[in-house]
Amino acid sequence: MSTAILTGQPVPGSSIEGDLRSLGFEVRTAADTADAETLLAQVPGDQRVAVVDARFVGHLHALRLGLTDPRFPLAAVPGAVTAQPAGRQALTRAMARENSAGGGTGGTVVVDSLADRVVTALDADGADVHRPELGSLVATVPGDPQARNEARQAVASVDDEAIRLKSAVKSRDGFFTTFFISPYSRYIARWCARRGLTPNQVTTASLITALIAAACAATGTRGGFVAAGVLLIASFVLDCTDGQLARYSLQYSTLGAWLDATFDRAKEYAYYAGLALGAARGGDDVWALALGAMILQTCRHVVDFSFNEANHDATANTSPTAALSDKLDSVGWTVWVRRMIVLPIGERWAMIAVLTAVTTPRITFYALLVGCAFAASYTTAGRVLRSLTRKARRTDRAAAALADLADSGALAQGVAKASRKPARRLPGFAVPAIALLGGAAVVATALFTEFGSPWPVVAAAGYALTSGLAVARPLKGALDWLVPPFFRAAEYCTVLALAAGAGVNGVLPAAFGLVAAVAYHHYDTVYRIRGNAGAPPVWLTRTIGGHEGRTLLVTVLAALLTAAQFKVALTALAVAVALLVLVESIRFWVSAGAPAVHDEGEPA
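## Describing the overall build of the chain
Then, number 1: The helix and strand inventory of the chain stands at 26 helices and seven strands.
Then, number 2: In terms of overall dimensions, the chain is globule-like: its C-alpha atoms have a radius of gyration of 28 Å, near the 25 Å expected for 604 residues.
Then, number 3: Dimensions of the chain, computed from C-alpha atoms along their principal axes, come out at roughly 90 × 60 × 45 Å.
Then, number 4: Within the span of the chain, comprising 604 residues, buried residues form 53% of the whole.
Then, number 5: The long-range share in the chain, meaning contacts at least 24 apart out of those at least 6 apart in sequence, stands at 80%.
Then, number 6: Accessible area for the chain stands at about 24,900 Å²; split by element, carbon and sulfur atoms hold 63% of it.
Then, number 7: Across the chain, the 53 positively charged side chains and the 47 negatively charged ones have centroids separated by 6 Å.

Shown next, in the form of structure tokens:
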């Protein structure tokens, strides 16, 4: 139960007590500043507490934004301030300062707002107080009856619920989502909120719907493909609804952030598998295309994550390319064209759904590969140009995040430790070049030699050396953010090349499972970093081998085993990796105190 402490002169007819109770607060009234401090001390330290001026006039949603958002330890709107347990000590100190200053001792607080004075004291202490953007919402403490009447008229002239619905939708989203989903999904979100449904329940419903869609696609019949396309769109509607419900009702959570992030990938890649199974029922083997689509999409995301982490807190982070991009964003139609050609999740899922319903899985995968390849080329080229034309100075935090995203195992870390001194003499462009060449060598060798050849093992051993050299010094160079994507592409494509070369039924599905398990580990790493929770534990990375260890292991298995045995070995490896990363990930996200982070940026 949350507690709200009302201070100041009560106003007859005010709805503030009812509004606070409707937001889940137990309301207590303080006679003066000393009484407010006493009441504050009586509230258990593990509960949210708010200090609110009794004269407050404003929209209920303004209070909701200011007092109930779980993402911020301290938050305030005019006339109200709140603290969660993490911000409680700072609020207590500020209140004690106001009491010792005699702000309201010996009588009721009528001169000005105690809540606002406490916020001023928090600012003076250097506390990070979140102030939500209210827009046209009203939140004020009128000083006289005329100002109160004017404030009430301003409240009546603005539709609180319309603004709440509008703010439930992402401010930046794709064309398809903005114009074909959000106009009605926001009302589904409100319907869910009024019936007590949570975002996590909607997220789970979206996953179940997508899995049913994948099962329909796996039937291999035209009716199954049509049903799969319809259900995939329905799953995406629910996927939009869960985030809108979280924003509408401010139900953010650590577990919800994890579910929302990981289930999107699970849904899409499970659907790829369903399409491949359906094609196989019709006599067409498209598992290589399904695995290629998953690899391409995952590498696209790693490019996004790495670039954003490298430049998250960089200084002097401007360039002519970025300026041109900002200029184009000022022209309406170019914004939508640029958002569509990167094939975000809305456009991508719409394309997959329509093509599934009216064509074949092979055509669907061809279109997906071409579209994603173009989008990847466009975005990566733009980011390379930005990196080359800007003079950004990257921080130690960014370098550490890139090192975590690299996912280096014991082999690469050992090489890195031994080669730190010579690595310092390498020119700036050498680090990503080394990562690229080492990865390209092992992929090309796996692709162009016969299955069972020892040469991929030799190339993989060389890859372990080059990958260690690439991370031997902090990744602060202009293009060092390309190192993690190069590592991902090298590992995944090596598995694909060896599985395709085995020529035995079932090898490619086993490879699909292995890459899916490893990709989950990489996505999990990303969202832990985004939540400022750090990377997965070192023991996990070393146990599953790191990217270079897994690459070397797969090439050794391909060299020593028959094709049939290789299939069994890949399946066992996929199961082992999946169990390890899932158990550790679920344990972490269910029990961790990481902050809730919902992605409001560019659609994936």
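## Things to note about the pairing of strand β5 (residues 74–77)
Then, number 1: Judged by which residues are buried, β5 turns out to be covered on both faces: Leu 74 and Ala 76 on one side and Ala 75 and Val 77 on the other are all buried.
Then, number 2: Alignment of β5 against strand β6 (residues 80–83), held across four bridges, turns out to be antiparallel. Across the sheet, residue Ala 76 finds its bridge partner in β6, namely Val 81.
Then, number 3: The turn joining β5 and β6, which pair antiparallel and follow one another in sequence, is formed by two residues; a positive phi near 90 degrees is taken by Gly 79.

## Concerning the sheet that holds β5
Then, number 1: Taken in spatial order, the five strands line up as β2-β1-β3-β6-β5 in an open sheet, and their pairing is mixed. Each edge of the open sheet carries a strand with a single partner, namely β2 (25–29) and β5. With direction set aside, neighbouring strand axes in the sheet form an average angle of 20 degrees.
Then, number 2: Along the sheet, helix α5 (residues 114–124) contacts β1 (2–7), β3 (49–53), β5 and β6; its crossing angle with β6, the most-contacted strand, is approximately 55 degrees.

## Details of the nonpolar core
Then, number 1: Core analysis: the largest hydrophobic core is formed by 109 residues, its most contacted members being Tyr 272, Leu 291, Phe 365, Leu 514 and Phe 566.
Then, number 2: Discounting residues that sit within four places of it in the chain, Leu 514 has contacts with Val 495, Val 554, Leu 570, Leu 573, Ala 574 and Val 577.

## Side note on the environment of Val 286
Then, number 1: Checked against the element boundaries, Val 286 lands in the loop between α11 (254–281) and α12 (287–311).
Then, number 2: Take Val 286: its relative accessible area is 0%, and that puts it in the buried class.
Then, number 3: Along the primary structure Val 286 and Phe 365 are separated by 79 residues, whereas in three dimensions their C-alpha atoms are 8.2 Å apart.
Then, number 4: Those residues in contact with Val 286 that lie beyond four places of it in its chain are Leu 275, Ala 276, Ala 279, Arg 362 and Phe 365.

## Some points on the pattern of salt bridges
Then, number 1: All told, the structure shown has 21 salt bridges when counted by the stated rule.
Then, number 2: A salt bridge links Arg 397 to Glu 309, with the nearest nitrogen and oxygen atoms 3.0 Å apart. Placement of the pair is Arg 397 in helix α17 (residues 396–406) and Glu 309 in helix α12, with a sequence separation of 88 residues.
Then, number 3: Owing to a relative accessible area of 30%, Arg 397 belongs among the partly exposed residues under this scheme.
Then, number 4: Glu 584 is paired through a salt bridge with Arg 528; the nearest N and O atoms lie 2.4 Å apart.

## Things to note about the side chain of Thr 356
Then, number 1: When you line up the elements, Thr 356 lands in helix α15 (residues 345–358).
Then, number 2: Thr 356 sits in the buried class, given a relative accessible area of 2%.
Then, number 3: The contacts of Thr 356, once residues within four sequence positions are left out, are Arg 222, Phe 225, Ala 228, Tyr 271, Leu 275 and Thr 364.

## A closer look at a nonpolar patch on the surface
Then, number 1: A surface patch of nonpolar side chains, amounting to about 310 Å² of accessible area, comprises Leu 255, Leu 582, Ile 586 and Val 590.
Then, number 2: Ranked by residue count, the leading element in the nonpolar patch is helix α26 (residues 563–591), at three residues.
Then, number 3: Note that Ile 586 resides in helix α26.

## Describing the confidence of the model for the chain
Then, number 1: When pLDDT is averaged along the chain, the result is 91; 93% of the residues meet or exceed 70.
Then, number 2: Under a pLDDT of 50 for its full length, residues 104–111 has, in the predicted model, 19 contacts with residues more than four places off or in other chains.
Then, number 3: Below a pLDDT of 50 lies the segment residues 598–603, which in the model reaches 16 contacts outside its immediate sequence neighbourhood of four places, other chains included.

## Focus: helix α23 (residues 507–530)
Then, number 1: Taking 1.5 Å of rise per residue, the 24 residues of α23 would be expected to cover 34 Å, and the 35 Å separating its terminal C-alpha atoms lies within 8% of that figure.
Then, number 2: When you tally the buried positions in α23, you get 20 out of 24 residues, the bulk of the element.
Then, number 3: In the segment just after α23, Asn 532 is the residue with positive phi, at about 55 degrees.

## Points about the environment of Val 504
Then, number 1: If you trace the backbone, Val 504 turns up in the loop between α22 (483–502) and α23.
Then, number 2: Note: C-alpha distance between Val 504 and Ala 564 (60 residues apart in sequence) is 6.6 Å.
Then, number 3: Beyond its immediate stretch of four places on either side in the chain, Val 504 contacts Ala 563 and Ala 564.

Rules of the game
- Residues numbered from 1 in each chain as written.
- Predicted model: local features only at pLDDT ≥ 70, side-chain atom pairs only at ≥ 80, totals over all residues.
- Heavy atoms only, no water.
- Helix = DSSP H or I, 4+ residues; strand = E, 2+ residues; numbered from the N terminus.
- Rg over C-alpha atoms; globule rule 2.2 N^0.38 Å.
- Buried < 20%, exposed > 50% of the residue type's maximum accessible area, 1.4 Å probe, protein only.
- Contact = heavy atoms within 4.5 Å.
- Areas by Shrake-Rupley, 256 points an atom, 1.4 Å probe, with all protein chains shown as cover.
- Lys, Arg positive; Asp, Glu negative; His and termini not counted.
- Charge placed at Lys NZ, Arg CZ, Asp CG, Glu CD.
- Pairing = 2+ DSSP bridges.
- Axes fitted to C-alpha atoms, helices over the stretch in contact; angles between N-to-C directions.
- Core = buried A, V, L, I, M, F, W, Y, C linked by side-chain atoms within 4.5 Å.
- Salt bridge = Lys/Arg side-chain N within 4 Å of Asp/Glu carboxyl O.
- Patch = residues over 30% accessible without salt bridge, like charges linked within 9 Å, V, L, I, M, F, W, Y side chains within 5 Å.
- pLDDT = per-residue confidence, 0-100.
- Expected span 1.5 Å × (residues − 1).

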